[in-house]
Every structure is written in structure tokens, then in C-alpha cells.
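An overview of the molecular structure
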Amino acid sequence: MSGADLAGIGRRWQERISASPEYSVVLHDNVFRQGISQYPVQESVFHSQHRLLTRLCQDYDGFSLEDCFSGTALTNSEGEYYVIDSSQDAPSISVDISGFKSLLKHELTLVRGIGPAVSAQLKSRGCRTIDNLAYMRRYRSAASCIIEALSGDSVEIFRLLSARKGAAHPFSLLCSCLFPLSKFRFVDIETLGIFGRPLILIGLGYFEDGTFQVRQFLLRDIGEEVSALIAFLELIPDDAVLVTFNGKSFDIPYIADRLAYYGLPSLPQVPHFDLLHPSRRLWKREISDCRLSTLEKKYLQISRSEDLPGALVPEWYCRYMETGNPGPVVPIVEHNRQDVVSLAYLLSRLGVEWYERLRFT
Amino acid sequence: MSVSGLLDHLLENPRFSGYISHIQKIPAHPPDFCPVPDVLPARVKEWLLRENITLYSHQGAAIDAITAGDDVILCTPTASGKTLAFILPFLSVREDERDATALAIYPAKALTRDQLKTIRELEQKTGIHLDPAIYDGDTPQHDRPLIRAQAGFVLTNPYELHQILPWHRQWSSFFSRLRYIILDEAHQYRGVFGSSMSLLIRRLLRICEHYGSSPRFFLSSATLANPAEFASRLTGRDMAVIERSGAPTGDRYFILYNPYREMSLPRSVYSESAEILSVLVDSGLQSLCFTGSRRMTELVSLWAKNSLMRRSPEKAKSIAAYRAGYLPIERQELEKKLKEGKMRGLVSTNALELGIDIGSLDAVIMTGYPGTMMSVWQQAGRAGRSVSDAMAILIAMQNPLDQFFMRHPEEFFSRPHEHAIIDIKNPYILSGQLLCASAELPVRPEIDTRWFGIGISGQLEALKDNNLIAPTARGFVYTGRRRASELVSLSQISEVWTVAVRSRIIETLDMRQACREAHPGAVLLHQGERYMVSSWDHENHRIIARQEDPGYYTKVNHQTGITVLERIKSRTIQAGTLVLGRVNVSEWYHGYRRMVDEKTISTESLSLPPITFETVSVWIEFSYAGIQSVSADRDIEGSLHGAEHALIAMMPYHVLCDRWDLGGLSTICSPEADGKPVIFIYDGYEGGIGLSERAYDIYEELCRNARSMVMECRCKDGCPACIYSPKCGNDNQPLDKKGCVALLRALEE
């Protein structure tokens, strides 16, 4: 049909979208109603955030995005992209490697065919380590496999532990101490939605010369997504180690989907430490929810001044896209940077806590 | 008793013979076999030999065509061995390329279960592994990754495919090995659903190309008048058409039975169906009776049982009802008993029309013309084993098309099947599908016109202006705030309303259907059950109803207004000018009537806002001379009104559609045509679905059939069998039958 009112059709889709926002405001901050909606935002938070948005839009009116951030525009094969670098003191990540390895040697259940009951039985009979098992006819071959694997490289040990104990097990987490600090890549992304829409910011943290560097790839417009993805991919070497919070379910598949969307090469298959599960295992009795901001407040002594609920990120970034006013992006960038930094501190804290706990059980 | 014996019995018995309008004998034809094609893998050949299976000519032709690299559409009757025809070629592909995959898309979930069983059996017997699996809304989350990684033959439905495509990364391995796409029951893809489907298939092909594969197509469909055009519109490919079935049939007798033939002693369609079913079962013929609704299914089976109780009580238990809403296990039990011959008579809704395997029966009864010739032959095809005789009986309702066929058996048996129309230009559907595509891979107008047509650049600009997609160096990227595949529906264009009964959703409607059938106060019919609509929740687009039968039914009153936006083309006809164009329709549903037995018991008002939408319309502008064909003593307004109803009533005769898919308006003085009398007929969906366009092309034929339908009806001033319309917003007032016939005669010249 020629000459149809195409603009009207486009507008109609937009109206349909606005008819159902992706979060719901919980009136009177009623905690009992919070569980009902999928992405709740408390009414008081919603209003204070709205005031913040208005203020930011006023404060940054007339500024360009580049004025707000001390970032750099770089270029690669796909065009320009924009990075914001910052650095700060690195948290100390130190677990006694030989102590950890000796812990593993005492974990008889790593051997195929040995469960908790058999393990207890063996221990009561004086068989304390996997090395001891290697002298028992029944477990000899299985045990030597494990001994061989444990003397192998870090990736192999990580794979063994994930396979035998599950990726969420503290042992798998403690494996992180086997990798050199320079290999760690702390990743957190901000996106326009839960699935199938562009990501707008990739935060990447890494250790360099005793400092902790955060490089943020911020999209000034959606066209920079490809070049940012490629630039990000270049910073993930084949022997990298990823650290995320809920990244197994969200951040990493999301990045993979975006790479596939543009037909780009995929992320290398590298060890990935998702801190959500070990945190939940460790602290679930002490906290009401396991969001990163909750953990920060309670265990890392980090408090954020003006933090933005994740559910509002798409709306605020869209405001920037529509108006060109960089105000709404400011808290998004800060929120993301803090997330990446917290990841590093959280890893350090979890390592210590779990090591101590496992050592005494 | 044999089929022909029963036929004699019916003819001798005055209780029935007076109502038989026509008996058509369709002669038997012998099987047309073909040698086993060489390309089949040795293991398959061995299996065919071992089981003594000879292939029919159409199966051989299909295998040859696919092997030669063609795409195929196979249009042969029910039970002609379609499954084997599409599986065998894939077995050859699979033998050559161990990890080749196939995707089979079925319009309904129930079909996939049935097919999976068949494919598993075949796999076992031939020893060629296909690793078939169903992947749809019922597939448990934890099974999904394994299916994506390992299945060689995935069975799914369009709704699931619509959800799968944005996740193509997870399917990348499957898509890169995809060699073969099967669309079973392809004739189901028409109207809004068909247009969406054709674009969904292009989305799928675009992704396949991205992963470097270019699969062959195998379409199976009921017989159509335009298989080649249909297939090419649906998939964008030119296909080899295989229409000649090599499967044998015995003699078949088709009876046209008209309960309204004796106007002095009309009988009810349903009680007649029950009576005839009981006679058939009593004489030992295994029979199936199709009814339109769940409720009638239950009633007809009950009446037939009662009637048998009088005749031969021991047989009453061998009649049962079969309908949607039964548990799968109950349905399977019935299917099994039917196949084993223990169940002798089954009353079913149209659920059984789709290719579920129940074996073949001796006789089929259809209560009322099922709406399309295609369904007639699909339903009739349920009767007829390869060698023995079979019988089909169509029991006519009192509506224009049914009665027309009773008077014109030659039309019924000689006419080609309907045209299946797919309109790939509907701007609303295209826009939605482009949104979905842009969420899968960036859309590049310069390349992707190949999939979505040349009209897309304007569409993309409009989406961009609304911040739904963003231009990048890689193409347009989806940036909307909700998941695109959630936003866009395959079967509806406008906003979807849901009908909830005790917070259980029973049906979804578009706004127009909702105003018509489910306005506050309406008695809504859903699968034969009655529901009272209590209120509308405008915010959530929800219609609240409760199950209740108040003893009356409702009809809505509406007014229609039309403004012409653009005249696309026009031609001069005897009576004036015929025009095809874009129009803006506004329908205002202002009240409804409560009715019992076609009599109004009260009239209520409604306060609903008018619905306006843009669509395609065909209209006739009468010249002064044209209108003179109506003699001076006749009512011009009533004549126009009658002609409008007659033309709409006959549209489903030519095109696969429902009369509800079209709307009409007639007026003696239209400001849109310099005050001339005009009849508008428009597509009832935003943007149009190609019906008016087709009406423009077949206009003369349409008028001719409408005239003979009205003229031959024996009523005096119009009746539901000719110019009364069940959906008329003005309570079928005014109508003038004689004037209408004169007008239609002038139109067809």
C-alpha cells in the first residue's frame, strides 16, 4: 500500500511501548507489594530519582557529553568509540596458594566414586589426603588422575573443580588465587533492556602496576556499539579470567548476543568467576537480598551517594538520546564505575572469608 | 450394509429423500505407483522392500524435485502419504551429510506430537538417525540447550519460531546446518496470519544466510486454485507444484442435503445430523460428523445416541464426542478406538480437520458448509479407504452460500478451489516484522530489500524518527524499550484485548472484534459456550466476562463512516466506476439489541469511542444511468444495501476468507464521490489483507454469482439465505430484494 501514514505507524509502536513501562512503581514503598512486580521501584526512590533527573538536566543543559567526562575518542576498524579511564588503589587479593592447594589435597570427594559418606569413612580410617588414596587399589587410577590435574596449570584445576564441585562452589571461587592478577578482567555492562537491545556502556577493570584501572566504553550514540565491542574484545586475551556479578546469566551472554548480532567473533572461552553465587552461599542468612549495592554497604564499607536503580538506566539513557543532554548519563557512568571497583573488592573479601571458613571445617 | 446399500436406503425412505438436493458420484481411481527413486539411501530402499511399500507417483515426484534442488509445494488430499513424501527426501540429504538439520513448522501444537511419533517410528525402521525433537512453548527449560545442540529435526510452530529468531546465537550451529524447511498445512497461512508468516519466513532465511545456509522448502497444503502464486508469496521462492495424487480411492458419493428444501417442513440442521449419523452407525458404517462448535458437538452426539437407543440400544455406546478441551489422554484414547474400529461414530469440532491420523472412515457428515471448499474436501477426505466406497454428506444451513450450493451442485463440484491470498504489502504488518528483524541482525536497506521488498526505506525512516531503531554503519539497530517479538503479534495487527473469565484468559481479540462481539453486555460465544461480558478494563485491555447463558443473544448496532484517502486505480463499468483505493474507516458501535429467535426484546445503548482505521477498499460509484436500472417503484437505498450484503456474502466463494473479514457501507449520496450512490467493500484489518484488491480483479464474476444467489432464493423479500447479513449494523433495514437483483444485473454487465 503506497503512501500509507508510515509516521503514524511508527508512532503507534512507540505508544504501545510507553503503555507498559519496564518497571513498576511501588506505591507508598509498600514492601509487601514489592514482590508482586517483576522490576519494582519504590515510590520514594522513583520521586527522588525524578527530581535528580530534572536537576541533572538543568545542570548539564547546553553541555556536550565530552564536556562532562574526561574521556578520549579512539578509532578502530569499525569507527570511533569513546573511553573513560580512571584508576585507583588496588585491593589486595591474597590467598595463600600453597594453603589452598593443601586444602584441595584434603578434599577426597574430588575423586570420582567418593561422596561425603565415603570420604568421612576414609578419613576416620586415617586416609586424609588424595595422595594417600593413590596407594589404595580401589581408588588408585581415579586418584592419580586428580593428582595429575592438580599439578597441571590453573585453567585445568579450575575446570576440574567446576566439573566436580559446580561453578558456584567456593572451591571454584578460590581457584582465582591461582591466576596472576594481570589476567583478571572485571566486567559490568549497562544496557537498554534485558534482552535484544544495544548495550550502552561496558565497564572493564584490570590490575596494572599495582593500581586498579577502570576503562569504560560509553556509547555516545548507538552507532558506536560495534567499535566499542571490538575494542573491548581486544582487551580480553585468550588467557584472561573474567570476574562478574551475575555475569553468567546476564552480562556475558548479553555481550555474546550483541557480538553475534553484528556477526563479530565470539568471546574466548576463559575461566569466569561469577561472584553472585559464592556471595549468596556465604551470606544468605545475614542479608535480605543479594544485590551488589547491599553487599557493598554491609561488607565492603562502600556507600554510594546518588545511586541509580538499574531499572531506570534505559529510560535515562533514552532521555540523553532524545535530547542530547548528557546529564542523565553522568550517574550511569558513575554507577557502572563503582560496580566494577566493587567487584574487585568483593573478590578479595570473598577469597579471604571462604578460605578461612574452609580451612577450619 | 455397504455405502451404496445405504444410499438406496436413504433414497427409498421419504423421511430423508425429500431433502436430498443432489447426489454426486466421484468415480474411483486406481493407484498410480512409481519405482523406488535411485537417490534414496540403501537402508530406506531395503525398508520399503521389506515392508512391501510401493511409492505413489506424487511421492516419487516430490523426491525427484527435492533431489534436483527444487523447492516443492505438494497439494494432495488428506491421507495421501504426505509425511512420507517430505521425510524421504530428507533421509537422503541426511545420508549424504550426517549433520544436516531440518525445521518443520506446523500451524498447531497438536500436530507436532502426532508427527513426532511417526518420525520416530520411521527412524527406528530405517535405522537412519534424525534425532527429532519438539521445541515449543511446552518444552521444559532444562531440555532446551540439548535440543538446540543435538537435534537434527526440530518440530515447532510459527509462534515459537517468532520467539526463537532473536536468540539465533544459541541456534547458530543448528541454523548453519539447516538444509530443509517443511511447512505443513501451509494453506493455514493466509489473512493476517499468512502475511505475518511470509515475513517471518524471510526473517528466518535472512538469519540462515547470515550463518551460511540456504535451505530447501517443502510445503504441503490442501488443494488451492493458486498453489504456485501462494507458495511464492509465502516464501519468496518459485516452487515446483505437485498436484496429482497417485493414491487410490474407491467410489465416493457426495450428498447435498438441504433441511430447508421443504419450506413448509424445515428441519433443524443439528437434529438432522444426529438422525443421519445414527442411521449410518446403525447400518454399520463408521462415520465422523463435523460440527461448528463445542456445544453442538456434545448435543449432536447426545441426540444421535438417543436415536440409536430407540433403534439398536447395544450400539449407542459406540458414539462419542471429540473436541478441544478434552484431555490429551482422552483424545488419544478416542483416536485409538476409532482406528481399531471399536468406535463407530464420532462427532467432532473442526479440530480433527487438521492432519491428525485417525485412519479412514466410511462416511463423513458436515453440518453446514465449513466456510471454504478447501475444508469441504479436507473433511470429506476423512472418508474413503483405498478400495472401498465412501460417502460424504453436506447438510446445509440457512445462509446464502449454503443455499446457493444446494441449488447449484454443478458449481459446488466443478469449481476450482479458492485462491489463498497473502498480502505482503500491509504496512502495519511489515513495520512490525521489520522491528523484529532489526532486533535479530542490523537491517541494511540496500541489501535487505531482497527479503522485505523495496518499500522498506520509508518504513525504516519512520521507525527511526520514533527512536525505535537507530542508524549505524552496520545498518539499522533495534533500540525500542520492549522486546520486539513481544510487541509484535503474528495473528493480530491492532492492539490485542483479552477476554478473561475468573482471571483465566479464554480468547484474544482485536479492538474491532471486541466491539462487535464482546462489548459490555454482550453474550459472547466461545467454542460453543456462552459468556456474559460484564465490563471492560480499558487500562489493561482486558474484557471481564463470566460463564452464563441468559437465554438471549446480542447483536451490536453500528454506524460506519468512510473517507477516501487515495484512489489507487479505477475502471469504467456499465453502471459507473469501479475504484480501488485507500480509505479511512470509522466504525461507531453505539448500541446493541438483545434477541431471542431473531426477535429483538430490548435495545441498549453503548458508550464506546469510535474505532478508526486505514485500510484498502473497493467501491462502486454509480452513474445516473447505472442507478436507472432500479425501476421507479423500488427503493434505491434498500437495493444498494442488499447488493452490498450479497457481494460480501459471495466473497468467501472466491477467496479463502470469512465474511467477517470484510466490511461494507452503501449510501445513496456519498460526499466522497460527488454525491453519487456508492457501495464500499473494505478489508476489516488495518492496512488491508489483499481481499479488496482481489475483489477488484474478479469483480464481474463476483457480481454474477451474487446475482444468481439472490435471484434464485425462493423467499419474497429477502431472508438470511440471501440478502440478510448476520453482521448488519442497521438490523437489515432497509432492504429491497427486487431492486437489488436489478442492480446486480446492471453491475455484472
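Computed from a predicted structure; not experimentally measured. (Residues numbered from 1 in each chain as written. Chains lettered and ligands numbered in written order. Predicted model: local features only at pLDDT ≥ 70, side-chain atom pairs only at ≥ 80, totals over all residues.)

Let us look at the sheet that holds strand E5 (residues 184–191) of chain A. Consider a sheet: its strands pair through backbone hydrogen bonds, and that pairing is either parallel or antiparallel. Residues and elements named next belong to chain A. The strand order across the open sheet built from seven strands is E3-E4-E7-E6-E5-E8-E9, with neighbouring strands paired in mixed fashion. Looking at which strands have only one partner, the edges of the open sheet turn out to be strand E3 (72–76) and strand E9 (272–274). The sheet shows a mean angle of 30 degrees between the axes of neighbouring strands, direction not considered. In terms of strand pairing, E5 meets strand E8 (residues 241–244) through three bridges, oriented parallel. Bridge pairing in E8 places Phe-186 opposite Val-243. Running over the sheet, helix H16 (residues 329–359) touches strand E4 (79–89), E5, strand E6 (199–208), strand E7 (211–218) and E8 and is turned about 40 degrees from E6. (Pairing = 2+ DSSP bridges. Helix = DSSP H or I, 4+ residues; strand = E, 2+ residues; numbered from the N terminus. Axes fitted to C-alpha atoms, helices over the stretch in contact; angles between N-to-C directions. Contact = placed C-beta atoms within 7 Å.)

All names here are of chain B. With respect to the helices and strands, Thr-612 occurs in strand E27 (residues 611–622). On the neighbour-count criterion, Thr-612 (13 C-beta atoms within 10 Å) is partly exposed. Thr-612 sits 309 residues away from Trp-303 along the chain, and the two C-alpha atoms are 46 Å apart. Sequence-distant contacts of Thr-612, that is, excluding residues within four places in its chain, are made with Asn-584, Val-585 and Ser-586. (Buried ≥ 20, exposed ≤ 12 C-beta atoms within 10 Å, placed from the backbone.)

Let's shift gears to the sheet that holds strand E19 (residues 496–501) of chain B. Residues and elements named next belong to chain B. Ordered by their spatial adjacency, five strands build an open sheet running E20-E19-E23-E22-E21, and the pairing between neighbours is mixed. Since the sheet does not close on itself, it has two edges, and those belong to strand E20 (504–510) and strand E21 (523–526), each with one partner. Taken pair by pair, the neighbouring strands of this sheet meet at an average axis angle of 35 degrees, ignoring direction.

This brings us to helix H5 (residues 82–96) of chain B. For H5(B), spanning 15 residues, the distance from its first C-alpha to its last is 23 Å, which sits close to the expected 21 Å at 1.5 Å a residue. Among all positions of H5(B), only B:Lys82, B:Ala85, B:Phe86, B:Ile87, B:Leu88, B:Pro89, B:Phe90, B:Leu91 and B:Arg94 are buried. (Expected span 1.5 Å × (residues − 1).)

All names here are of chain A. Each domain of chain A was delimited in the assignment, giving domain 1 (42–93 + 178–359) and domain 2 (97–166). Centre-to-centre, using C-alpha coordinates, domain 1 lies 37 Å away from domain 2. Across the contact, six residues belong to domain 1 and seven residues belong to domain 2. Taken together, the residues of the side of domain 1 that touches domain 2 break down into five nonpolar, no polar and one charged. (Domains from an automatic or database assignment. Nonpolar A, V, L, I, M, F, W, Y, C, P; charged D, E, K, R; others polar.)

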